[in-house]
Amino acid sequence: MTSIAAVNVVAFKTIVVKEIRRFMRIWVQTIVPPAVSALLYMMIFGTLIGSRVGEMDGHRYIDFIVPGIIMMAVITNSYANSVSSFFGAKFQSHIEEVLVAPVHNVVILAGYIIGGVCRGLMVGALVAVVSLFFTRLTIENPLITLLIVVMTSMLFSIGGIINSIFAKGFDDISIIPNFVLTPLTYLGGIFYSIKLLPDFWQGLSMINPVLYMINGFRYGILGTSDFNIVWSFFVIGLFILLLGAIALYLLNKGVGIKR
Amino acid sequence: MKALEIFGLKKTYANGHEALKGIDLTVEQGDFFALLGPNGAGKSTAIGIICSLVNASGGSIKVFGHDLEQQRNQCKMQIGVVPQEINFNVFENPRNILITQAGYYGIPRAVASTRADEYLKLLDLWDKRNAPAREMSGGMKRRLMIARALVHRPQLLILDEPTAGVDIEIRRSMWTFLEEINRQGTTIILTTHYLEEAESLCRNVAIIDHGEIVEQGAVSELLSRSMVQTFVLDLKVPVTEPPVLEGYTVMRCEHTRLDIEVTVGQNMNGLFQQLAEQNIEVVSLRNKSNRLEEFFLRLVGQKEKEVAA
Ligand SMILES: Nc1ncnc2c1ncn2[C@@H]1O[C@H](COP(=O)(O)OP(=O)(O)OP(=O)(O)O)[C@@H](O)[C@H]1O
Ligand SMILES: [Mg+2]
């Protein structure tokens with residue numbers, strides 16, 4: 001008999017393949033729309049309005065907002081992928097397929113996280129390609145850029161899983177994205193440097209975790225940030241560990257998936 | 001070797017409903033076992049616990065000697081389950097559903113893919129293999145779930161009402177299929193509301209009602225204990241009053257229909273003799289229901305009365 005570790009390696013690959021197949025099968029809903037909205041942002045804010053804004057933090061406005069727009073696409077899509085996939089699995093009960101099998105909860109969690117990361121990165125890459133029509137997009141620090149984007153994507157993928165564990169209906173999976181995620185991303189410095197804000201609002205912005213992700217990513221691409229990006233790694237890493245532990249705890253308890 | 005041992009299994013749902021009140025059950029390796037009971041008796045709850053989908057509130061379970069709590073993975077490897085409700089992704093195609101399921105048991109894609117094809121053919125789903133599963137008929141969906149339950153070659157197959165809503169022809173072919181895999185060594189536990197199905201397929205049976213096992217044993221033994229049988233007689237000429245038939249009980253008398261209870265072993269000639277003497281002409285004769293069904297109804301009916309009292 002094969003060892004349980006070997007079983008779980010195959011199971012992990014199986015979940016990831018299943019997840020990628022899922023979002024690719026419905027690519028018109030999952031991949032295209034974010035690219036279209038990114039295109040609109042870049043045209044309207046970057047080119048039309050941006051030409052009147054002038055420089056932001058020492059960069060052309062379009063160059064400044066492109067990293068934020070890419071990051072926004074990564075965040076929303078990583079989250080959307082795991083929230084809809086995991087909730088769908090719960091709703092149609094096919095989550096039971098993996099629950100009856102000897103698959104460790106860590107593997108289930110990791111599989112769904114990586115599924116979300118794949119979608120996030122794929123959409124992010126597509127938005128980056130779109131941005132080439134507007135800017136040269138040279139990447140100052142590829143390693144930091146990649147690390148930040150992968151970690152952020154992981155974090156929101158976990159968030160999506162937790163959301164869907166608690167969700168009882170379709171309404172419950174749109175509340176967090178609409179009322180928490182969108183405001184935090186918009187206020188996370190996609191379109192402006194927080195240095196422009198009065199002291200009070202600057203301070204308040206610093207408790208927005210998304211700020212650290214967007215700034216970290218922007219640092220990777222442009223080489224400038226509102227603060228030392230060690231903080232970015234620290235904040236994202238901390239949240240990954242925290243939310244990851246919560247998600248695993250919920251899965252182990254069987255919340256929302258076992259009777 | 002015992003395929004399944006259940007000791008004092010209890011389940012109280014979050015809403016306070018006590019679905020299982022401490023059941024004990026043993027299924028021998030190689031058995032074809034029926035778990036019977038009326039709606040809401042607790043059959044699916046018990047199956048859910050065995051398959052790790054429902055958390056038990058008390059008691060313990062062993063699968064081929066492995067304790068479910070302590071050696072859950074070994075247990076899971078041995079079990080294949082066909083649930084009562086459809087639970088696959090209806091947007092996915094049958095072939096991928098099988099390959100994915102095999103993957104969850106550690107079967108690499110290449111092997112899984114040959115095996116998926118094997119079961120798709122065996123269960124007559126080959127033509128539908130690449131279309132979204134939602135396009136299949138109800139009977140095909142059931143067969144897909146059987147294929148999915150078998151793809152990792154489990155030693156114990158548990159089916160929760162596999163033939164519900166399946167036409168008689170497909171039901172019979174499912175029976176032949178299940179009998180065949182049972183002959184090859186797979187232990188089968190099945191729930192059904194068709195008592196005729198349990199009677200013809202299964203060797204042993206447990207009857208569960210209101211979360212308790214009310215009867216358990218070999219089908220043949222239970223049948224021998226079922227002391228009475230009801231026959232329905234169709235008459236040529238309507239009768240106005242129930243005839244008096246010494247030694248036999250008239251259960252119902254309506255126009256040209258007469259229901260008569262006969263004790264097992266009792267001579268039927270006496271019945272016909274008395275009918276003839278009273279000039280009652282019988283056109284046809286049939287069993288009211290099959291014997292297991294009668295036994296079952298009697299048992300469950302008794303329980304109903306106890307609960308009401
Ligand atoms: N998730 C749940 N929460 C609360 N009560 C439940 C839940 N699931 C089942 N029950 C209750 O537990 C009892 C047993 O249900 P179960 O599904 O095990 O019955 P069953 O024997 O499979 O019935 P059927 O023949 O109708 O499938 C029922 O009274 C049911 O209402
Ligand atoms: Mg049931």
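Residues numbered from 1 in each chain as written. Chains lettered and ligands numbered in written order. Predicted model: local features only at pLDDT ≥ 70, side-chain atom pairs only at ≥ 80, totals over all residues. Heavy atoms only, no water.

A. Local environment of the packing of aromatic side chains. Counted according to the given criterion, the structure contains eleven aromatic pairs over all chains. Between Phe86(A) and Tyr112(A), the ring centres sit 5.0 Å apart and the planes meet at 80 degrees, which makes this aromatic pair edge-to-face. You can see Phe86(A) sitting in helix α4 (residues 61-91) and its partner Tyr112(A) sitting in helix α6 (residues 105-131), a full 26 residues away along the chain. Of the two residues, Phe86(A) and Tyr112(A), both sit in the buried class. A centroid spacing of 4.9 Å and a plane angle of 65 degrees characterise the contact between Phe91(A) and Phe170(A), whose relative ring orientation is edge-to-face. One end of the pair, Phe91(A), is in helix α4; the other, Phe170(A), is in the loop between α7 (142-166) and α8 (172-186), and 79 residues separate them in sequence. A single burial state applies to Phe91(A) and to Phe170(A), both of which are exposed. Put simply, the rings of Tyr41(A), Phe45(A), Tyr186(A) and Phe191(A) pair up and form one aromatic cluster. Over the aromatic face of Trp126(B) sits the side chain of Lys121(B), whose NZ or CZ is 4.5 Å from the ring centroid. Taking NZ or CZ as reference, Arg129(B) lies 3.9 Å from the ring centre of Trp126(B), over its face. (Phe/Tyr/Trp six-rings, centres within 6.5 Å; stacked < 30°, edge-to-face > 60°. Helix = DSSP H or I, 4+ residues; strand = E, 2+ residues; numbered from the N terminus. Buried < 20%, exposed > 50% of the residue type's maximum accessible area, 1.4 Å probe, protein only. Lys NZ or Arg CZ within 6 Å of the ring centre and 35° of its normal.)

B. The arrangement of empty space enclosed by the protein in detail. Enumeration over the complete set of coordinates arrives at three cavities of 30 Å³ or more. Taken together, 15 residues make up the lining of the largest cavity; nearest its centre are Val100(A), Gly80(B), Val81(B), Gln101(B) and Tyr105(B). Where the lining of the largest cavity is concerned, the elements lending two or more residues are α5 (95-99) of chain A together with β6 (79-82) and α5 (138-150) of chain B. By volume, the second largest cavity is sized at about 60 Å³. In this structure, the second largest cavity is lined by Leu4(B), Ile6(B), Ile23(B), Leu25(B), Val27(B), Phe33(B), Leu35(B), Ala46(B), Ile47(B), Ile50(B) and Ile189(B). Listing elements by their share of the lining of the second largest cavity, those giving two or more residues are β1 (2-12), β2 (18-28), β3 (32-36) and α1 (43-50) of chain B. Its residues assigned to classes, the lining of the second largest cavity comprises eleven nonpolar, no polar and no charged. (1 Å grid on protein atoms, 1.4 Å probe; cavity = no way out; pocket = protein on both sides within 12 Å on 5 of 7 lines; lining within 4 Å. Points joined across faces, edges and corners; volume = space filled by probe spheres on them. Nonpolar A, V, L, I, M, F, W, Y, C, P; charged D, E, K, R; others polar.)

C. Representation of the sheet that holds strand β11 (residues 228-235) of chain B within the structure. Residue and element names in this part refer to chain B. One open sheet accounts for four strands, arranged β12-β13-β11-β14; its pairing is antiparallel. The sheet terminates laterally at β12 (249-254) and β14 (282-287), the two strands that pair on one side only. Neighbour to neighbour, the strand axes of the sheet diverge by 20 degrees on average, direction disregarded. As judged from the five bridges shared by β11 and β14, these two strands associate in the antiparallel manner. Across the sheet, leucine 235 pairs through a bridge with valine 282, a residue of β14. Seen against the sheet, helix α9 (residues 269-277) touches β11, β13 (257-263) and β14 and runs at an angle of roughly 150 degrees to β14. (Pairing = 2+ DSSP bridges. Axes fitted to C-alpha atoms, helices over the stretch in contact; angles between N-to-C directions. Contact = heavy atoms within 4.5 Å.)

D. Broad picture of the side chain of Thr30(A). Along the chain, the position of Thr30(A) falls in helix α2 (residues 27-30). Reaching out from Thr30(A), the side chain makes a polar contact with the backbone oxygen of Phe23(A) at a distance of 2.8 Å. (Polar contact = N/O pair within 3.5 Å; in protein donor to acceptor, adjacent residues only side chain to side chain.)

E. View of the pattern of salt bridges. A full pass over the atoms with the stated rule returns 17 salt bridges over all chains. Among the salt bridges present, the one from Arg21(A) reaches Glu92(B), with a minimum N-O distance of 2.9 Å. Separated into two different chains, Arg21(A) in helix α1 (residues 4-25) and Glu92(B) in the loop between β6 and α3 (94-104) make up a pair that spans both. When the shortest N-O distance is used, the salt bridge between Arg183(B) and Glu180(B) registers 2.9 Å. On the criterion of helical spacing, the pair formed by Arg183(B) and Glu180(B) is a turn pair, its members being three residues apart in helix α6 (residues 168-183). Owing to a relative accessible area of 62%, Arg183(B) belongs among the exposed residues under this scheme. Connected through salt bridges with shared partners, the residues Arg21(A), Arg25(A) and Glu92(B) form a single ionic network. (Salt bridge = Lys/Arg side-chain N within 4 Å of Asp/Glu carboxyl O.)

F. A look at the interface of chain B and chain A. In this assembly, 31 residues from chain B lie in contact with 25 residues from chain A. When the area that chain B buries against chain A is broken down by residue, the three leading residues are Leu53(B), Asn87(B) and Tyr104(B), summing to 27%. In this structure, the salt-bridge partner of Glu92(B) is Arg25(A), at a minimum N-O distance of 2.9 Å. Between chain B and chain A we count 13 residue pairs in polar contact (both at pLDDT 80 or more) in total. Elements that contribute at least two residues to the side of chain B that touches chain A include exactly α2 (72-78) and α3 of chain B. Tallied by class, the residues present in the side of chain B that touches chain A amount to 15 nonpolar, eleven polar and five charged. (Buried area = accessible area lost by both parts, 1.4 Å probe.)

G. A look at the coordination of the magnesium ion (ligand 2). Residue and element names in this part refer to chain B. Coordination of the magnesium ion (ligand 2) by the protein involves Ser44 (OG) and Gln84 (OE1), with metal-donor separations of 1.9 to 2.1 Å. Taken together, the residues serine 44 in helix α1 and glutamine 84 in the loop between β6 and α3 connect sequence positions 40 residues apart. Accessibility expressed as a relative area gives 28% for serine 44, which makes it partly exposed. (Donors = N, O, S within 2.8 Å, 3.2 Å for Na, K, Ca; no water.)

In short, the description is geometric, and any link to function would need to be established separately.
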